[in-house]
Amino acid sequence: MKGDEIRSRFLKFMEGKGHLILPSASLVPQDDPSLLLIGAGMAPFKRYFTGQAKPPRHRIATSQKCVRTGDLENVGRTARHHTFFEMLGNFSFGDYFKSEAIPWAWEFLTEELGLPREKLWVSVYTDDDEAYEIWSKEIGVPAEHIVRLGKDTNFWEIGPGPCGPCSEIYIDLGPERGCGSATCGVGCDCDRYLEIWNLVFTQFDRDAEGNYTPLPKKNIDTGMGLERIASVLQGVPSNFDTDLLRPVIAAAENIAQVEYGRQTKTDVALKVIADHGRAIVYLIGDGVLPSNEGRGYVLRRLLRRAVRFGRLLGIAEPFLTRIAEAVVGVGRIGYPDLVEKEGYIKEVIAREEER
(Lines give C-alpha, C1' and ligand atoms only; values in the text may rest on other atoms or scores of the structure.)
Protein backbone atom coordinates (compact mmCIF):
# COMPACT_ATOMS: atom_id res chain seq x y z
CA MET A 1 0.00 0.00 0.00
CA LYS A 2 1.61 3.23 -1.15
CA GLY A 3 1.95 6.31 1.02
CA ASP A 4 -0.68 8.27 -0.92
CA GLU A 5 -3.21 5.48 -0.45
CA ILE A 6 -2.51 5.18 3.28
CA ARG A 7 -3.05 8.92 3.73
CA SER A 8 -6.25 8.82 1.66
CA ARG A 9 -7.62 5.77 3.51
CA PHE A 10 -6.95 7.34 6.90
CA LEU A 11 -8.73 10.58 6.05
CA LYS A 12 -11.67 8.76 4.44
CA PHE A 13 -11.96 6.46 7.48
CA MET A 14 -12.02 9.40 9.88
CA GLU A 15 -14.48 11.27 7.69
CA GLY A 16 -16.75 8.25 8.09
CA LYS A 17 -16.47 8.72 11.86
CA GLY A 18 -17.80 12.27 11.61
CA HIS A 19 -14.51 14.18 11.34
CA LEU A 20 -14.04 17.33 9.30
CA ILE A 21 -11.07 16.71 7.00
CA LEU A 22 -8.80 19.74 6.81
CA PRO A 23 -5.75 20.20 4.58
CA SER A 24 -2.35 20.33 6.23
CA ALA A 25 -1.61 23.67 7.84
CA SER A 26 1.46 25.57 6.75
CA LEU A 27 4.76 24.68 8.39
CA VAL A 28 4.86 28.32 9.45
CA PRO A 29 2.70 28.68 12.61
CA GLN A 30 -0.19 31.11 12.40
CA ASP A 31 -0.78 33.43 15.38
CA ASP A 32 1.49 31.35 17.63
CA PRO A 33 4.77 33.09 18.47
CA SER A 34 5.71 30.24 20.83
CA LEU A 35 6.49 27.92 17.89
CA LEU A 36 9.21 28.28 15.28
CA LEU A 37 7.77 25.57 13.01
CA ILE A 38 4.86 23.12 13.11
CA GLY A 39 6.22 19.88 14.54
CA ALA A 40 3.07 17.88 15.40
CA GLY A 41 -0.42 17.31 14.09
CA MET A 42 -2.02 19.04 17.07
CA ALA A 43 0.15 22.18 16.89
CA PRO A 44 -2.18 24.15 14.57
CA PHE A 45 -5.08 23.42 16.95
CA LYS A 46 -3.56 24.54 20.26
CA ARG A 47 -6.14 27.31 20.71
CA TYR A 48 -8.96 24.78 20.28
CA PHE A 49 -7.50 22.53 22.96
CA THR A 50 -7.15 25.41 25.43
CA GLY A 51 -10.60 26.83 24.63
CA GLN A 52 -9.19 30.14 23.37
CA ALA A 53 -10.88 29.62 20.01
CA LYS A 54 -13.87 27.68 18.70
CA PRO A 55 -13.10 24.90 16.17
CA PRO A 56 -15.06 24.67 12.91
CA ARG A 57 -16.16 21.22 14.10
CA HIS A 58 -15.54 19.27 17.30
CA ARG A 59 -14.05 16.38 15.31
CA ILE A 60 -11.17 17.09 12.92
CA ALA A 61 -8.65 14.87 11.08
CA THR A 62 -5.57 15.84 9.07
CA SER A 63 -2.35 14.67 7.52
CA GLN A 64 -0.02 17.39 8.80
CA LYS A 65 3.36 18.39 7.41
CA CYS A 66 5.89 18.53 10.26
CA VAL A 67 9.50 19.65 10.68
CA ARG A 68 11.62 18.81 13.71
CA THR A 69 15.35 19.37 14.11
CA GLY A 70 15.92 18.03 17.63
CA ASP A 71 17.34 14.73 16.33
CA LEU A 72 19.34 16.14 13.44
CA GLU A 73 22.44 14.02 14.07
CA ASN A 74 20.35 10.82 14.05
CA VAL A 75 18.91 11.45 10.59
CA GLY A 76 20.23 8.86 8.16
CA ARG A 77 21.70 6.75 10.94
CA THR A 78 18.45 5.18 12.17
CA ALA A 79 15.44 3.67 10.44
CA ARG A 80 12.99 6.35 11.51
CA HIS A 81 14.47 9.77 12.37
CA HIS A 82 13.53 12.65 10.06
CA THR A 83 13.52 16.42 9.89
CA PHE A 84 10.42 16.42 7.65
CA PHE A 85 7.58 13.91 8.06
CA GLU A 86 3.80 13.66 7.82
CA MET A 87 1.63 12.97 10.85
CA LEU A 88 -1.82 11.43 10.47
CA GLY A 89 -4.07 12.51 13.30
CA ASN A 90 -7.65 12.67 14.54
CA PHE A 91 -8.71 15.22 17.14
CA SER A 92 -11.67 15.74 19.41
CA PHE A 93 -12.34 19.05 21.11
CA GLY A 94 -14.68 18.23 23.98
CA ASP A 95 -16.58 15.61 21.98
CA TYR A 96 -15.54 11.93 22.13
CA PHE A 97 -12.90 10.39 24.39
CA LYS A 98 -11.15 7.08 25.14
CA SER A 99 -14.10 4.77 24.49
CA GLU A 100 -14.26 6.01 20.88
CA ALA A 101 -10.60 6.85 20.10
CA ILE A 102 -9.23 3.44 21.12
CA PRO A 103 -11.68 1.23 19.14
CA TRP A 104 -11.35 3.45 16.06
CA ALA A 105 -7.55 3.19 16.10
CA TRP A 106 -7.77 -0.59 16.42
CA GLU A 107 -10.37 -0.83 13.66
CA PHE A 108 -8.28 1.26 11.27
CA LEU A 109 -5.08 -0.69 11.87
CA THR A 110 -6.54 -4.19 11.84
CA GLU A 111 -9.47 -3.91 9.43
CA GLU A 112 -8.60 -1.04 7.11
CA LEU A 113 -4.85 -1.70 6.92
CA GLY A 114 -4.96 -5.40 7.73
CA LEU A 115 -2.24 -5.49 10.38
CA PRO A 116 -2.11 -8.84 12.24
CA ARG A 117 -3.69 -8.50 15.68
CA GLU A 118 -1.27 -10.95 17.26
CA LYS A 119 1.70 -8.68 16.41
CA LEU A 120 0.20 -5.54 17.96
CA TRP A 121 1.05 -4.38 21.49
CA VAL A 122 -0.22 -1.39 23.44
CA SER A 123 1.10 0.70 26.30
CA VAL A 124 -0.97 2.65 28.82
CA TYR A 125 0.00 5.12 31.51
CA THR A 126 0.80 3.52 34.88
CA ASP A 127 -2.53 4.25 36.59
CA ASP A 128 -4.80 4.65 33.57
CA ASP A 129 -7.14 1.79 34.43
CA GLU A 130 -9.83 3.20 32.14
CA ALA A 131 -7.68 2.80 29.02
CA TYR A 132 -6.46 -0.61 30.21
CA GLU A 133 -10.03 -1.87 30.62
CA ILE A 134 -11.02 -0.68 27.13
CA TRP A 135 -8.03 -2.39 25.53
CA SER A 136 -8.51 -5.56 27.55
CA LYS A 137 -12.27 -6.04 27.78
CA GLU A 138 -13.67 -4.16 24.78
CA ILE A 139 -10.93 -4.71 22.20
CA GLY A 140 -9.75 -8.07 23.53
CA VAL A 141 -6.02 -7.40 23.56
CA PRO A 142 -4.37 -10.12 25.70
CA ALA A 143 -3.09 -8.91 29.07
CA GLU A 144 0.46 -9.92 28.14
CA HIS A 145 0.31 -7.49 25.19
CA ILE A 146 -0.68 -4.49 27.36
CA VAL A 147 2.21 -2.74 29.08
CA ARG A 148 1.95 -0.06 31.75
CA LEU A 149 4.64 2.62 31.36
CA GLY A 150 5.54 5.72 33.36
CA LYS A 151 5.35 9.45 32.96
CA ASP A 152 8.48 9.77 30.82
CA THR A 153 6.85 7.91 27.92
CA ASN A 154 3.10 7.77 28.52
CA PHE A 155 2.08 11.17 29.81
CA TRP A 156 1.94 14.11 27.41
CA GLU A 157 2.60 17.58 28.76
CA ILE A 158 4.62 20.66 27.85
CA GLY A 159 4.71 22.89 30.92
CA PRO A 160 1.48 24.40 32.27
CA GLY A 161 -1.73 23.83 30.32
CA PRO A 162 -3.81 20.94 28.93
CA CYS A 163 -2.15 17.54 29.32
CA GLY A 164 -2.92 13.90 29.97
CA PRO A 165 -1.95 10.24 29.76
CA CYS A 166 -1.45 8.51 26.45
CA SER A 167 -1.69 5.04 25.00
CA GLU A 168 0.73 3.95 22.30
CA ILE A 169 0.26 1.18 19.74
CA TYR A 170 3.29 -0.87 18.73
CA ILE A 171 3.93 -3.60 16.21
CA ASP A 172 6.38 -6.44 16.81
CA LEU A 173 8.64 -6.57 13.74
CA GLY A 174 10.25 -9.82 14.88
CA PRO A 175 13.36 -10.93 16.77
CA GLU A 176 15.55 -10.33 13.71
CA ARG A 177 14.94 -6.58 14.18
CA GLY A 178 15.68 -6.70 17.91
CA CYS A 179 18.70 -6.27 20.14
CA GLY A 180 18.74 -9.86 21.35
CA SER A 181 18.45 -8.89 25.00
CA ALA A 182 16.40 -11.13 27.28
CA THR A 183 14.62 -7.99 28.54
CA CYS A 184 13.76 -6.67 25.05
CA GLY A 185 10.14 -5.54 24.91
CA VAL A 186 7.87 -2.56 24.36
CA GLY A 187 9.85 0.55 25.21
CA CYS A 188 13.23 -0.93 24.23
CA ASP A 189 15.43 1.38 22.14
CA CYS A 190 15.97 -1.23 19.44
CA ASP A 191 13.84 -1.52 16.29
CA ARG A 192 11.84 -4.64 17.16
CA TYR A 193 8.81 -3.00 18.79
CA LEU A 194 7.95 -0.05 16.55
CA GLU A 195 5.59 2.60 17.91
CA ILE A 196 3.14 3.43 15.14
CA TRP A 197 0.35 5.46 16.79
CA ASN A 198 0.08 7.58 19.93
CA LEU A 199 -3.34 8.33 21.42
CA VAL A 200 -3.20 11.25 23.83
CA PHE A 201 -6.07 11.68 26.29
CA THR A 202 -6.00 15.37 27.17
CA GLN A 203 -8.02 15.36 30.40
CA PHE A 204 -6.11 17.58 32.86
CA ASP A 205 -5.05 21.20 33.17
CA ARG A 206 -1.67 21.60 34.84
CA ASP A 207 -0.89 24.84 36.68
CA ALA A 208 2.52 26.44 37.26
CA GLU A 209 2.89 24.65 40.61
CA GLY A 210 2.42 21.23 39.03
CA ASN A 211 -1.15 20.62 40.19
CA TYR A 212 -3.50 18.71 37.88
CA THR A 213 -7.16 19.68 37.63
CA PRO A 214 -9.61 17.65 35.50
CA LEU A 215 -10.71 19.58 32.42
CA PRO A 216 -14.45 20.24 32.10
CA LYS A 217 -14.19 19.09 28.46
CA LYS A 218 -11.81 16.27 27.63
CA ASN A 219 -9.95 16.16 24.33
CA ILE A 220 -8.31 13.60 22.03
CA ASP A 221 -5.06 14.17 20.14
CA THR A 222 -3.60 11.29 18.11
CA GLY A 223 -0.54 11.07 15.90
CA MET A 224 0.69 8.36 13.52
CA GLY A 225 3.77 8.89 11.35
CA LEU A 226 2.91 8.23 7.71
CA GLU A 227 6.47 7.12 6.93
CA ARG A 228 6.49 4.63 9.80
CA ILE A 229 3.20 2.97 8.96
CA ALA A 230 4.23 2.88 5.29
CA SER A 231 7.44 1.02 6.21
CA VAL A 232 5.36 -1.59 8.05
CA LEU A 233 2.82 -2.08 5.26
CA GLN A 234 5.48 -2.13 2.55
CA GLY A 235 7.61 -4.63 4.49
CA VAL A 236 10.82 -2.61 4.23
CA PRO A 237 13.55 -2.23 6.86
CA SER A 238 13.34 1.55 7.24
CA ASN A 239 11.25 4.61 6.42
CA PHE A 240 13.85 5.50 3.79
CA ASP A 241 12.98 2.37 1.80
CA THR A 242 9.32 3.34 1.38
CA ASP A 243 7.87 4.90 -1.75
CA LEU A 244 7.79 8.22 0.13
CA LEU A 245 11.60 8.49 0.24
CA ARG A 246 13.17 5.84 -1.99
CA PRO A 247 12.62 7.80 -5.27
CA VAL A 248 14.42 10.79 -3.75
CA ILE A 249 17.31 8.56 -2.72
CA ALA A 250 17.34 7.16 -6.28
CA ALA A 251 17.73 10.70 -7.64
CA ALA A 252 20.71 11.27 -5.33
CA GLU A 253 22.19 7.89 -6.39
CA ASN A 254 21.95 8.90 -10.02
CA ILE A 255 23.59 12.27 -9.46
CA ALA A 256 26.44 10.88 -7.35
CA GLN A 257 26.84 7.72 -9.40
CA VAL A 258 26.80 5.55 -6.27
CA GLU A 259 24.65 2.60 -5.22
CA TYR A 260 22.36 2.57 -2.21
CA GLY A 261 22.67 -0.41 0.12
CA ARG A 262 26.36 -1.12 -0.40
CA GLN A 263 28.21 1.01 2.18
CA THR A 264 26.95 2.50 5.45
CA LYS A 265 28.75 5.81 4.97
CA THR A 266 27.30 6.24 1.49
CA ASP A 267 23.83 5.23 2.66
CA VAL A 268 23.88 7.79 5.48
CA ALA A 269 24.76 10.56 3.02
CA LEU A 270 22.02 9.51 0.58
CA LYS A 271 19.43 9.37 3.37
CA VAL A 272 20.41 12.79 4.74
CA ILE A 273 20.15 14.33 1.25
CA ALA A 274 16.72 12.75 0.71
CA ASP A 275 15.41 13.74 4.14
CA HIS A 276 16.77 17.30 4.07
CA GLY A 277 15.66 17.66 0.46
CA ARG A 278 12.06 17.03 1.50
CA ALA A 279 12.29 19.53 4.36
CA ILE A 280 13.84 22.17 2.09
CA VAL A 281 11.15 21.83 -0.59
CA TYR A 282 8.22 21.96 1.83
CA LEU A 283 9.68 24.84 3.86
CA ILE A 284 10.24 26.99 0.77
CA GLY A 285 6.82 25.96 -0.53
CA ASP A 286 5.32 27.39 2.67
CA GLY A 287 7.12 30.70 2.24
CA VAL A 288 10.32 30.24 4.27
CA LEU A 289 13.45 31.83 2.78
CA PRO A 290 17.07 31.20 3.80
CA SER A 291 18.36 33.63 6.41
CA ASN A 292 20.59 33.79 9.47
CA GLU A 293 17.83 33.72 12.05
CA GLY A 294 14.64 31.92 13.02
CA ARG A 295 13.01 29.46 10.64
CA GLY A 296 15.06 30.90 7.77
CA TYR A 297 18.18 29.71 9.55
CA VAL A 298 16.68 26.23 9.93
CA LEU A 299 16.20 26.15 6.16
CA ARG A 300 19.70 27.49 5.45
CA ARG A 301 21.28 24.97 7.81
CA LEU A 302 19.41 22.03 6.28
CA LEU A 303 20.26 23.10 2.75
CA ARG A 304 23.95 23.56 3.48
CA ARG A 305 24.03 20.29 5.38
CA ALA A 306 22.56 18.51 2.34
CA VAL A 307 25.22 20.14 0.14
CA ARG A 308 27.96 18.99 2.52
CA PHE A 309 26.77 15.38 2.36
CA GLY A 310 26.66 15.73 -1.42
CA ARG A 311 30.32 16.75 -1.34
CA LEU A 312 31.09 13.65 0.73
CA LEU A 313 29.62 11.60 -2.12
CA GLY A 314 31.82 13.43 -4.62
CA ILE A 315 29.15 15.72 -6.06
CA ALA A 316 31.04 18.89 -7.01
CA GLU A 317 28.35 20.84 -8.89
CA PRO A 318 25.00 22.22 -7.63
CA PHE A 319 22.48 19.36 -7.49
CA LEU A 320 19.67 20.14 -5.08
CA THR A 321 17.23 21.38 -7.74
CA ARG A 322 17.25 17.84 -9.15
CA ILE A 323 16.55 16.48 -5.67
CA ALA A 324 13.68 18.98 -5.44
CA GLU A 325 12.20 17.62 -8.68
CA ALA A 326 12.12 14.13 -7.13
CA VAL A 327 10.51 15.46 -3.93
CA VAL A 328 7.79 17.23 -5.92
CA GLY A 329 7.24 14.07 -7.97
CA VAL A 330 6.58 12.04 -4.81
CA GLY A 331 4.42 14.71 -3.16
CA ARG A 332 2.35 15.85 -6.12
CA ILE A 333 -0.80 13.85 -5.20
CA GLY A 334 -0.94 14.79 -1.52
CA TYR A 335 0.33 18.34 -2.06
CA PRO A 336 -0.53 19.50 -5.60
CA ASP A 337 0.49 23.07 -4.70
CA LEU A 338 4.11 21.87 -4.88
CA VAL A 339 3.71 21.41 -8.63
CA GLU A 340 2.53 25.01 -9.01
CA LYS A 341 5.41 26.31 -6.88
CA GLU A 342 8.12 24.04 -8.28
CA GLY A 343 9.78 26.72 -10.41
CA TYR A 344 9.94 29.17 -7.50
CA ILE A 345 11.21 26.49 -5.08
CA LYS A 346 14.02 25.50 -7.46
CA GLU A 347 14.97 29.14 -8.00
CA VAL A 348 15.36 29.73 -4.24
CA ILE A 349 17.35 26.51 -3.84
CA ALA A 350 19.66 27.30 -6.79
CA ARG A 351 20.41 30.76 -5.49
CA GLU A 352 21.23 29.55 -1.97
CA GLU A 353 23.24 26.55 -3.17
CA GLU A 354 25.33 28.79 -5.42
CA ARG A 355 26.07 31.02 -2.43
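Further up the page is the structure itself.
Residues numbered from 1 in each chain as written. Predicted model: local features only at pLDDT ≥ 70, side-chain atom pairs only at ≥ 80, totals over all residues. Heavy atoms only, no water.

*Asks:* An account of the side chain of H276 is requested, with residue identities and associated values reported.
*Replies:* Mapped onto the elements, H276 comes out in helix α8 (residues 264-285). Residue classification places H276 among the buried residues on the basis of a relative accessible area of 0%. Looking at H276, its side chain comes within polar contact range of the side chain of R305, at 3.0 Å. In this view, H276 contacts L72, V75, T83, L302, R305 and A306; residues no more than four positions away in its chain are not counted. (Helix = DSSP H or I, 4+ residues; strand = E, 2+ residues; numbered from the N terminus. Buried < 20%, exposed > 50% of the residue type's maximum accessible area, 1.4 Å probe, protein only. Polar contact = N/O pair within 3.5 Å; in protein donor to acceptor, adjacent residues only side chain to side chain. Contact = heavy atoms within 4.5 Å.)

*Asks:* Residues and numbers for the nonpolar core, please.
*Replies:* In terms of nonpolar packing, the biggest core is built from 51 residues, with I280, V281, L283, L320, I323 and I349 touching the most fellow members. No other element matches α8, which puts 12 residues into this core. Excluding residues that lie within four positions of it along the chain, L283 makes contacts with L27, L37, V67, V288, L299 and L302. A101, W104, I220 and L226 belong to the second-largest nonpolar core, a separate cluster that totals 42 residues. (Core = buried A, V, L, I, M, F, W, Y, C linked by side-chain atoms within 4.5 Å.)

*Asks:* With reference to specific residues and values, describe helix α6 (residues 226-233).
*Replies:* Summarising burial for α6: 6 of the 8 residues are buried, a large majority. Among the residues of α6, L226, E227, I229, A230, S231 and V232 are the ones counted as buried.

*Asks:* Give me the lowdown on the side chain of T202, citing residues and values where you can.
*Replies:* Looking at where T202 falls in the secondary structure, it is placed in strand β8 (residues 193-206). Relative accessible area serves as the criterion here: at 3%, T202 is assigned to the buried category.

*Asks:* Help me get a handle on the packing of helix α3 (residues 98-112) against helix α4 (residues 129-139), residues and values and all.
*Replies:* For the pair α3 and α4, the least separation of the axes is 10 Å and the interaxial angle reads 50 degrees. The pairing of α3 with α4 is recorded here as oblique in orientation. In this structure, α3 crosses over α4, and the sense of that crossing is right-handed. Facing α3, whose interface residues are K98, S99, I102, P103 and W106, α4 presents E130, A131, I134, W135 and I139. The residue inventory of the contact of α3 with α4, partitioned by class, reads 7 nonpolar, 1 polar and 2 charged. (Axes fitted to C-alpha atoms, helices over the stretch in contact; angles between N-to-C directions. Parallel < 35°, antiparallel > 145°, perpendicular 65-115°, else oblique. Left-handed = near helix turned anticlockwise from the far one by under 90°. Nonpolar A, V, L, I, M, F, W, Y, C, P; charged D, E, K, R; others polar.)

*Asks:* Report on the state of the cysteines, specifying residues and quantitative values.
*Replies:* Working definition of a disulfide: a covalent bond connecting the sulfur atoms of two cysteines. Taken as a whole, this structure holds 0 disulfides when the rule is applied. No disulfide involves C166; its sulfur sits 11 Å from the nearest other cysteine sulfur, which is in C163. The buried category is assigned to C166, whose relative accessible area is 2%. Of all cysteine sulfurs in the structure, the one in C184 sits closest to C190, which takes part in no disulfide; the separation is 3.5 Å. Its relative accessible area of 13% is what places C190 among the buried residues. (Disulfide = S-S within 2.5 Å.)

*Asks:* Explain the packing of α8 against helix α11 (residues 337-354) residue by residue, including any values.
*Replies:* Their axes nearest at 9 Å, the elements α8 and α11 cross at an angle of 105 degrees. With respect to their mutual orientation, α8 and α11 come out roughly perpendicular. Facing α8, whose interface residues are I280, V281, Y282, I284 and G285, α11 presents L338, K341, Y344, I345, V348 and I349. For the contact of α8 with α11, the per-class residue count stands at 9 nonpolar, 1 polar and 1 charged.

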